[in-house]
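Descriptive structure summary
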Amino acid sequence: MFRPTATARSAERGEARLIPPNWRYAWNNSADPLVVRAHGLAAAAARPSVTVSRPAGRGPTLAYGGLQHGLTHVLPFLEQRRGTDSDQSHHRTTWAELASGRAARDADLLTVGMLRRDVPRQPPRHGLLLPFRINLSVPVGPNPQDVLKRLSRKARQQHSRVIRSRSRTLEVAAADADFDAFYDSMHRPTMWSRHRDAARSEERERARVCLFRRGVLFFLCESGRRVAGMLCRLEGRTLVLRLAGVEAGGEAPYRSGTYMAMYVLILQWAAEHGLTRVDLSGCEPFLSKGIFQFKRKMHPEVALPDNHFREKRLILRVLRDTPEVRDLLTANPVLTLGTGPGIEAVYFRDPVRPARLDLRWECPGVSGHRTVDLDEFLAGLPRSPHRNPAGQPPLS
């Protein structure tokens, strides 16, 4: 079983003593205009920095600068998609240097997180404007069976088949011992097995106070045995899904539709109990994000978050035209904010790299999609030979 390190436990106790859990949770998640404004003031007062991530093997040199949240949400995702170990360097910069690209002269691809009010009217010539994060939510009505109609045909068939064959049921648990069992035996082992040192979660006592005591803890059971869990928060008539986990953090539940079954049963529970929406939480604005493709099967509504991320934007800018940059762009279509209403999906292609149209975009709130020709998009940029080891082809 996963055991937090002594350092982690002492850090949790120290944070709990210094900052009341409700305050910290509200700072991170509240949509209160005062909290959102405070985030903006704090961001505006901070001097920006830039982090350059150089690959140990094949792949483009990445850089992220601006709002600090990007070091948690954006750069790790791009590094993971690049698929190689990295060597990072950090230095202070200015917003003017980030806007011009001079803040990371040796990078191939620069992403900049900034406040919406500071975004230029037009993105850079070789850049796109993205939401910093997106939110996914499902409206629910009074009929629990309507939930199944939202699923893709394949997901609906699989759910109907395994819900019977595995005798799956949903349990609502309310004892402190249930919370401890979920947090220690499911959630933390799952976060560790899936994300290792990049795992992000709620600290234990904050989860107990702000989620468990203000929400619902669900367990998915197979023939009466708990195999997965979800800790949610109730906010009015909205159920917000926050922490998830599977038994011992194992991989088998991902292959047996465990998570989909749990999501469907929770959506049906919400309908039965008079709730009107289930907030599935959010993710980075990339169609290749696994959690986006999984949750898309439930046909959620895509929107900007209600909390402080609503006022944040991400500029993705190419600084150098290399085979590795083209590989990364074609493999990771994005969700963008354009001049029209709503969010738009953008795919990339060139004569030797087809658009990844298998990464689907169709959801309410995404207005449509377009395909960008990289030869046109990157025209005029310096063209550098790839820095892959000798004799190895570019990524495909």
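The sections below set out a description of the structure shown in this document. Counting restarts for each chain: residues are numbered from 1 in the order of the written sequence. Only residues with pLDDT of at least 70 get local features here, since the model is predicted, and only at 80 or more are side-chain atom pairs given and counted; chain-wide, interface and lining totals rely on the full set of residues. Only hydrogens and water are set aside; all other atoms, that is, all heavy atoms of the structure, feed into the side-chain values.

In this text, buried Ala, Val, Leu, Ile, Met, Phe, Trp, Tyr and Cys residues form a nonpolar core when linked through side-chain atoms within 4.5 Å. Per-residue accessibility, obtained with a 1.4 Å probe over protein chains only, is compared with the maximum for each type, and a residue is labelled buried under 20%, exposed over 50%, and partly exposed between these values. Counting residues in hydrophobic clusters, the biggest one holds 64 residues, and the most contacted among them are Leu 239, Leu 241 and Phe 292. Looking at which element gives the most residues to this core, the answer is helix H12 (residues 258-272), with 12 residues. Three or more residues apiece are contributed to this core by two domains, here domain 1 (45-134 + 304-378) and domain 2 (135-281). By definition in these notes, contact holds between two residues if any of their heavy atoms fall within 4.5 Å. Excluding anything up to four places from it in sequence, Leu 241 contacts Met 230, Leu 231, Cys 232, Tyr 263, Ile 266, Val 278, Asp 279, Leu 280 and Ser 281. If you look at the next biggest cluster of nonpolar residues, it comprises 29 residues, including Ala 43, Val 372, Leu 378 and Leu 381. Think of it this way: any DSSP run of H or I at least four residues long counts as a helix, any run of E at least two long counts as a strand, and we number them from the N terminus. Note that the domain bounds were set by an automatic or database domain assignment.

Turning next to the pairing of strand E15 (residues 343-349). By the criterion of burial, E15 is predominantly enclosed, with five of the seven residues buried. Of the pairings in the sheet, the one linking E15 to strand E16 (residues 366-373) comprises seven bridges and is parallel in character. Directly across from Glu 344, in E16, lies its bridge partner Gly 368. Each pair of strands is called paired provided DSSP finds at least two bridges between the two strands.

Now for the side chain of His 308. Checked against the element boundaries, His 308 lands in the loop between strand E12 (301-303) and strand E13 (312-318). Owing to a relative accessible area of 2%, His 308 belongs among the buried residues under this scheme. In terms of polar contacts, His 308 uses its side chain to reach the backbone carbonyl oxygen of Asn 28, at 3.5 Å. Apart from residues no more than four positions distant in its own chain, His 308 is found in contact with Trp 27, Asn 28, Ser 30, Val 36, His 39 and His 69. Pairs of N or O atoms are called polar contacts if they sit within 3.5 Å, as long as, within protein, a hydrogen donor faces a hydrogen acceptor (for residues adjacent in sequence, only side-chain-to-side-chain pairs).

Okay, the side chain of Arg 168 next. As for its placement among the helices and strands, Arg 168 is situated in strand E7 (residues 168-173). A relative accessible area of 5% places Arg 168 in the buried class. A polar contact of 3.2 Å, which involves the side chain of Arg 168, links it to the side chain of Thr 258. Arg 168 has contacts with Val 162, Ile 163, Leu 220, Cys 221, Glu 222, Ser 256, Gly 257, Thr 258 and Ala 261, leaving out every residue within four places of it along the chain.

Moving on: the sheet that holds E15. Strand order in the open sheet formed by three strands is E14-E15-E16, with mixed pairing between adjacent strands. Because the sheet does not close on itself, it has two edges, and the strands there are strand E14 (334-337) and E16. For this sheet, the mean angle separating the axes of adjacent strands, direction not counted, is 35°. As a rule, the C-alpha atoms of each element are fitted with a line to give its axis, helices using only the stretch in contact, and angles between N-to-C directions run from 0 to 180 degrees.

The next thing to look at is the sheet that holds E7. Strand order in the open sheet formed by seven strands is E7-E8-E9-E10-E11-E6-E12, and the pairing between neighbours is mixed. The sheet is open, and its two borders are formed by E7 and E12, each paired with just one other strand. Averaged over all adjacent pairs, the angle separating strand axes in this sheet is 30°, with direction ignored. Bridge analysis of strand E6 (residues 134-139) against strand E11 (residues 277-283) gives five bridges, and the strand direction is antiparallel. Within E11, the position partnered with Ser 137 by the bridge is Asp 279.

Between side chains of opposite charge, a pair can form when the charged atoms approach closely. The salt bridge criterion pairs a side-chain nitrogen of Lys or Arg with a carboxyl oxygen of Asp or Glu, the two atoms within 4 Å. One pass over the structure, following the stated rule, counts 30 salt bridges. Its salt-bridge partner being Arg 233, residue Glu 235 comes within 3.0 Å of it at the nearest N-O pair. By relative accessible area, Arg 233 is classed as buried at 15%. Among the ionic pairs, Arg 326 bridges to Asp 350, the shortest N-O distance being 2.9 Å. Note that Arg 326 is positioned in helix H14 (residues 323-331) and Asp 350 in the loop between E15 and E16, a separation of 24 residues in sequence. Each member of the pair, Arg 326 as well as Asp 350, is classed as buried.

Glancing now at the pairing of strand E10 (residues 238-246). E10 sits mainly inside the fold: seven of its nine residues count as buried. Linking strand E9 (residues 225-235) back to E10 in an antiparallel pair, the connection comprises two residues, with Gly 236 at a positive phi of about 65°. Pairing between E10 and E11: three bridges, direction parallel. Across the sheet, the residue bridging to Thr 238 is Arg 277, located in E11.

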